[in-house]
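Listed below are the residues making up each chain.
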Amino acid sequence: MTNLRISFIAATAALALTAGLAGCSSNDSEDSSAPADSDRLSGTVTVLAAASLTETFTTLGKQFETDHPGVKVVFSFGGSSALAQQITQGAPADVFASAAPANMQQVVDAGDVKGTPATFVSNRLEIAVPKGNPGHITGIADFGKTEPRLALCAEQVPCGAAAKKVFEIAAITPQPDTREQDVKAALTKVTLGEVDAALVYRTDVKAAGDKVEGIDFPESSKAINTYPIAALNKAPNAAAAASFVTFISSDKAKKVFADAGFDTP
């Protein structure tokens, strides 16, 4: 009788241990199959970005949406100075990508940036002329002449600030016929044949394809713009904002930037 009772107790303990192990195995399985935080992202992420990032960010936005099916990326492209002002004045946005550190610093100083901005690409200026170069532009010195029709970016936007530095280095007083509020507007003047030349980024010349021709000049290496990106403090979708900022520095993103003509860290 005693032996029978002992056997019964041992069998009951074994069954309990087996059930406990099965429960642990089930929980482990659930944990390992649980989606990562990034997989649970949803909603809209609003990105304010420099105009020169239009093509690359549009491509990367689609890739990000593919990686995160619950997320919609909405872009607002423009001059970095204008975008910085919008943010400091309270415009709702999740991420800011500037074409120069100075405009990002405005947002940092206003207390609107979360964490430390990360530099993800750099860019340099190039002369854009209409196909066939009807104005016979040969180099940066032509921007000091009154004969050609010329377009520059406004000095408060990064492409204009870089151009100002170039002209100081080359000891040239520019004679622009028009100053535009962002680099895409300056490039449009060239593609429409309204000017003989514009000073834009080399990535913009490449993005325009056969609509324009590009002319390099040595002074461009002395006025390189670096691009910082950051999530914003009042981001309506903080999780997606952080994930998008991380994605922009990924190997996948670096390839897109490199293909577009940007230099990457």
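Residues numbered from 1 in each chain as written. Predicted model: local features only at pLDDT ≥ 70, side-chain atom pairs only at ≥ 80, totals over all residues. Heavy atoms only, no water.

Tell me what's going on with the packing of aromatic side chains, and back it up with residues and numbers.
This model, assessed by the stated rule, comprises 14 aromatic pairs. Each ring, one from Phe57 and one from Phe75, has its centre 5.9 Å from the other, and the planes form 50 degrees; the classification is tilted. With Phe57 in helix 2 (residues 54-67) and Phe75 in strand 2 (residues 71-78), this pair connects stretches of sequence that are 18 residues apart. On the basis of relative accessible area, Phe75 is assigned to the partly exposed category, the value being 21%. (Phe/Tyr/Trp six-rings, centres within 6.5 Å; stacked < 30°, edge-to-face > 60°. Helix = DSSP H or I, 4+ residues; strand = E, 2+ residues; numbered from the N terminus. Buried < 20%, exposed > 50% of the residue type's maximum accessible area, 1.4 Å probe, protein only.)

Provide a residue-level description of unusual backbone geometry, including the pertinent values.
One non-glycine residue, His136, adopts positive backbone phi at about 55 degrees. With respect to the helices and strands, His136 occurs in the loop between strand 5 (125-130) and strand 6 (150-153). For His136, a relative accessible area of 63% translates into the label exposed. Of note, the phi angle at Ala171 is positive, near 55 degrees, even though the residue is not glycine. Of note, Ala171 is situated in the loop between helix 5 (158-170) and strand 7 (178-180).

Tell me about the confidence of the model for the protein chain, residues and numbers included.
Confidence in the prediction of the protein chain, expressed as mean pLDDT, is 89, and 85% of residues score 70 or more. Per-residue pLDDT stays below 50 along residues 1-38; that stretch engages in three contacts with residues further than four places along the chain or on separate chains. (pLDDT = per-residue confidence, 0-100. Contact = heavy atoms within 4.5 Å.)

So what about the pairing of strand 8 (residues 197-201)? Which residues, and what values?
Of all five residues that make up strand 8, five are buried, and the element is covered over most of its length. Of the strand pairs in this sheet, strand 5 and strand 8 are connected by four bridges, and their pairing is antiparallel. Bridged to Ile127 within strand 8 is Leu199. Looking at chain direction, strand 6 and strand 8 are connected through two bridges and run parallel. In the sheet register, Ala151 faces strand 8, and the bridge partner there is Ala198. (Pairing = 2+ DSSP bridges.)

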